[in-house]
Amino acid sequence: MAEDKFEQAVIEKLKSEGWDYLSEYSGVTVDRLYDHWRDILNANNRKRLEDTPLSDNEFEQVKLELTKNKTPYDAQLMLAGAGGVGTVPLNRDDGTQLELEIFYGDEVAGGHSRYEVVNQITFTDLATSLSSKRRIDIMLLINGLPVAHIEEKDESLQNQWNAFEQFQKYDGDGMYTGLFSFVQVQFVLSQNSAHYFARPKNSHSYNRDFAFGWRDDDGKDVTNTMTFIHEVMGIPALHRLVTVNMIPDAANDNLMVMRSYQIQATRQILDRMREMDQNGLVEKEGGYVLAAQHGTVSVRLLGSTFNILIAGITGGPLSSYVRRRGFSALAAALESRLAATIHSNQFGYLIKGSVGAMVKFADPGLYLAQVIDQHDKIRNNGWIEAW
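Rules behind the numbers
Residues numbered from 1 in each chain as written. Predicted model: local features only at pLDDT ≥ 70, side-chain atom pairs only at ≥ 80, totals over all residues. Heavy atoms only, no water. Phe/Tyr/Trp six-rings, centres within 6.5 Å; stacked < 30°, edge-to-face > 60°. Helix = DSSP H or I, 4+ residues; strand = E, 2+ residues; numbered from the N terminus. Buried < 20%, exposed > 50% of the residue type's maximum accessible area, 1.4 Å probe, protein only. Contact = heavy atoms within 4.5 Å. Salt bridge = Lys/Arg side-chain N within 4 Å of Asp/Glu carboxyl O. Axes fitted to C-alpha atoms, helices over the stretch in contact; angles between N-to-C directions. Parallel < 35°, antiparallel > 145°, perpendicular 65-115°, else oblique. Left-handed = near helix turned anticlockwise from the far one by under 90°. Nonpolar A, V, L, I, M, F, W, Y, C, P; charged D, E, K, R; others polar. Pairing = 2+ DSSP bridges. Patch = residues over 30% accessible without salt bridge, like charges linked within 9 Å, V, L, I, M, F, W, Y side chains within 5 Å. Areas by Shrake-Rupley, 256 points an atom, 1.4 Å probe, with all protein chains shown as cover. Lys, Arg positive; Asp, Glu negative; His and termini not counted. Charge placed at Lys NZ, Arg CZ, Asp CG, Glu CD. Arc of directions from axis to C-beta. Polar contact = N/O pair within 3.5 Å; in protein donor to acceptor, adjacent residues only side chain to side chain.

S.K.: So what's going on with the packing of aromatic side chains? Residues and values would help.
M.R.: All told, the structure shown has 13 aromatic pairs when counted by the stated rule. Note on Tyr196 and Trp214: the rings are 6.2 Å apart at their centroids and 55° apart in plane angle, and the pair reads as tilted. Of this pair, Tyr196 sits in strand 8 (residues 193-198) while Trp214 sits in the loop between strand 8 and helix 6 (225-233); the two residues are 18 residues apart in sequence, bridging distant segments of the chain. Like Trp214, Tyr196 is buried. Here Tyr196 and Phe228 contribute two aromatic rings whose centre-to-centre distance is 6.4 Å and whose plane-to-plane angle is 45°, an arrangement assigned as tilted. Here Phe228 lies in helix 6 and Tyr196 lies in strand 8, a separation of 32 residues in the sequence. Accessibility assignment for this pair places Tyr196 and Phe228 in one class, buried.

S.K.: So what's going on with the environment of His195? Residues and values would help.
M.R.: Mapped onto the secondary structure, His195 falls in strand 8. Between the C-alpha atoms of His195 and Thr223, which are 28 residues apart in sequence, the distance is 9.9 Å. Here His195 is in contact with Gln160, Gln186, Phe187, Val188, Ala211, Phe212 and Gly213, once residues within four sequence places are set aside.

S.K.: Describe the pattern of salt bridges, naming the residues involved and giving the relevant values.
M.R.: The final tally for this structure, using the stated rule, is 12 salt bridges. Two residues, Lys13 and Glu17, come together in a salt bridge whose shortest N-O distance is 3.2 Å. Accessibility expressed as a relative area gives 13% for Glu17, which makes it buried. Residue Glu58 is joined to Arg92 by a salt bridge in which the shortest nitrogen-to-oxygen separation is 2.8 Å. With Glu58 in helix 3 (residues 56-66) and Arg92 in the loop between strand 2 (85-91) and strand 3 (97-104), this residue pair connects regions lying 34 residues apart in the sequence. Both residues of the pair, Glu58 and Arg92, belong to the buried class.

S.K.: Explain the packing of helix 1 (residues 3-16) against helix 6 to me, using residue names and the numbers behind them.
M.R.: Here helix 1 crosses helix 6 at 40°, and the two axes come no closer than 10 Å. On the basis of the axis angle, helix 1 is oblique to helix 6. Considering only the axes of helix 1 and helix 6, their crossing is right-handed. Every residue of helix 6 that contacts helix 1 at Phe6, Ala9, Val10, Lys13 and Leu14 is listed here: Thr225, Met226, Ile229, His230 and Met233. Partitioned by chemical class, the residues of the contact of helix 1 with helix 6 number seven nonpolar, two polar and one charged.

S.K.: Would you mind going over the side chain of Asp74 in detail, with residue names and values included?
M.R.: Mapping Asp74 onto the fold places it in helix 4 (residues 72-80). Beyond its immediate chain neighbours, meaning those up to four positions away, Asp74 contacts Lys68, Asn69 and Asp253.

S.K.: Any details on the sheet that holds strand 7 (residues 185-190)? Residues and values, ideally.
M.R.: In spatial order, the strands read 1-4-5-6-7-8; together these six strands make up an open sheet with mixed pairing. Each having just a single partner strand, strand 1 (20-21) and strand 8 make up the two edges of the open sheet. Alignment of strand 7 against strand 8, held across six bridges, turns out to be antiparallel. Looking at the pairing, Leu189 lines up with Ala194 of strand 8. Here helix 6 sits on the sheet and contacts strand 5 (134-142), strand 6 (145-152), strand 7 and strand 8; the angle it forms with strand 7, its principal contact strand, is near 160°.

S.K.: I'd like to hear about a negative patch on the surface, residue by residue, with values.
M.R.: Negative charge collects at one region of the surface, where Asp31, Asp35, Asp39 and Asp125 lie side by side. Along the chain, the position of Asp31 falls in helix 2 (residues 30-44). A relative accessible area of 51% means that Asp31 is categorised as exposed.

S.K.: Break down helix 6 for me, with residues and values.
M.R.: Within the span of helix 6, buried status applies to Thr225, Phe228, Ile229, Val232 and Met233. The buried residues of helix 6 occupy an angular sector of 100° when projected down its axis, which confines them to one face. The N-capping residue of helix 6, defined by a side-chain oxygen 2.9 Å from the backbone nitrogen of Met226, is Asn224.

S.K.: Before we move on, can you summarise the pairing of strand 7 with the specific residues and values?
M.R.: With respect to burial, strand 7 is a largely interior element, six of its six residues being buried. Looking at chain direction, strand 6 and strand 7 are connected through five bridges and run parallel. Residue Ile150 lies in a different strand from strand 7, and its bridge partner there is Phe187. Hairpin geometry of strand 7 and strand 8 is characterised by an intervening segment of two residues between the two adjacent antiparallel strands.

Written as structure tokens, this is what we have:
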């Protein structure tokens, strides 16, 4: 299948998975996407703006805020915001100060969140490019913010790795700045192969080892790209991918994305929590009943659970919370909430004593689960025996 026809097939599949295709914002220059984002800001912040849309001067001020995103890690902090709502500050022309809401991490497939796909976007003023213009294949937008970039290639393995190198070149050209600094995940798609990876912090950090394929719940490789799109890029999957499935690496100012087995474990936990909430069983005897009835849970599953709850407690990366509230506040919050997760308070002292180290790890939940595994009934066996 020719690449242009395959691209249309990908768009049609995305539409069937909950994305709205914006023909009026496809085949255009990046300036039109800024205009689109401005309209969304005005709509989502209508009450805050008191029905007075952003002036040209005010919107330029908002765009200037985006220049603070030097890496995907910075952009993730801005998306996460406080309490799951990403914001940017604004001083209005009349002197009024307020926070504009730009992203809603918890409003998945509902609320203010809107999901849109555009293609064939042209960049004409890239800061370090030797070319007068670059044209990309597909961008996925959440609330007007480009959070995922897709490039398609034919079945040749060499062509697929050429796409990976193409992303690297785009990065070196200065593409991922301003509005496009929010791109968190990049995808290389062909008809029978699909890979995803977290956007590296700079063009020198691209590494093929971190380009992941997808395995289904039975551990089998997914080679059909339309199945991959359903599993990974639909709604709510993509929203979760760029929020709860991203692992901030504060020590290296970088982002990592979970592998398929971690994402699947996270989904199971979220679905189970939702089911329990609907049945009035979220809490029992002071703890979340997420482990099996015999009281054991795998270290990896518990680590993914911890990461979800950590994000819910802190509203973003641990290091950011520590800067705002301090270690003591973080330790107190984590000790009570995370100990309850495994239906036991006996590990609270371990959690409290591990906070200082947790902020240094790319996967704090997994680190904490491994610490607990070193102190439970059967130590270092990959399972937590909570009682």
